[in-house]
Amino acid sequence: MRITPRKDEISAVAELLESDAYDSAEALAKAVIKRVAEVLADREFYAGVHRFGPGQLQLAWGPFTSDAEVVKFAKTAALGGEWMSLKLCSTGAFLARREKTLAQPSTHCSTCRHPHGAHEHPKFGGRCAARGCTCKQDTK
């Protein structure tokens, strides 16, 4: 998995490293690992899903940072059969939306009824990424 660190992610970890709040290297290491996991939960990842044929057991590998990385892995694995790339929506974005409302969390946009994950693609800036949808509501 190839991760390019983002400015806010770097500053979140640097804040821990510069802190004097930890008594030992082990305590600091635990805090850094937990913080990195929290930060990465805000990202979208992909899984590569494989099956040898219709009705066969499916296996998934991941996480991957892009669809292209899944395709590269599938070519390297050379298992034959069928491959697909599965986008994994951000758990961090979902939990942030859930905290904003006291009601039961919705899995779909109230305007266009597409899954919230369709509104989380950075290229579309919060607008729905479903083909043909004109919804401009940012569900984040």
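You'll find the structure just up there.
In short, a report on the structure. (Residues numbered from 1 in each chain as written. Predicted model: local features only at pLDDT ≥ 70, side-chain atom pairs only at ≥ 80, totals over all residues. Heavy atoms only, no water.)

### Here we look at the overall build of the protein
This is how the line gets drawn: Labels follow the DSSP assignment, with helices taken as runs of H or I lasting at least four residues and strands as runs of E lasting at least two, numbered in each case from the N terminus. Radius of gyration here uses only the C-alpha atoms, and the compact-globule reference equals 2.2 Å multiplied by the residue count raised to the power 0.38. The buried label applies to any residue whose accessible area, calculated with a 1.4 Å probe on protein chains only, is under 20% of its type's maximum; exposed applies above 50%, and partly exposed to all values in between. Reported accessibility uses the Shrake-Rupley method at a 1.4 Å probe radius. Residues are deemed covered only where the shown protein chains occlude them. Positive charges come from Lys and Arg alone, negative charges from Asp and Glu alone, with His and the N- and C-terminal ends not counted. Lys charges are placed at NZ, Arg charges at CZ, Asp charges at CG and Glu charges at CD.
Counting its regular elements, the protein contains four helices and three strands. Against the globule reference of 14 Å for 140 residues, the protein gives a C-alpha radius of gyration of 19 Å, more extended than a compact globule. For the protein, the residues scored as buried account for 26% of the 140 residues in total. On the protein, roughly 9900 Å² of surface is accessible, and the fraction owed to carbon and sulfur atoms is 57%. For the protein, the separation between the mean place of its 20 positive charges and that of its 16 negative charges on side chains is 11 Å.

### So, the nonpolar core
The line we're drawing: Only buried residues count toward a nonpolar core, which is a set of Ala, Val, Leu, Ile, Met, Phe, Trp, Tyr and Cys residues joined through side-chain atoms within 4.5 Å. Every residue pair with non-hydrogen atoms within 4.5 Å of one another is taken to be in contact.
Within the largest apolar cluster, six residues are counted, these being Cys109, Cys112, Ala118, Cys128, Cys133 and Cys135. Setting aside its immediate chain neighbours within four residues, Ala118 contacts Arg127, Cys128, Ala129 and Ala130.

### Description of helix H2 (residues 25-40)
Put simply, the rule reads: To estimate how far a helix should reach, multiply one less than its number of residues by 1.5 Å. What the arc covers is the set of directions going from the helix axis to the C-beta atoms.
Its 16 residues place the ends of H2 22 Å apart at the C-alpha level, agreeing with the 22 Å of an ideal helix rising 1.5 Å per residue. Of the residues making up H2, those classed as buried are Ala31, Val32 and Val39. One side of H2 carries all its buried residues, which in axial view fall inside an arc of 100°. Exposed and oriented more than 90 degrees from the buried face of H2 are Glu26, Lys30, Ile33 and Lys34. Buried residues belonging to H2 abut helix H1 (7-18).

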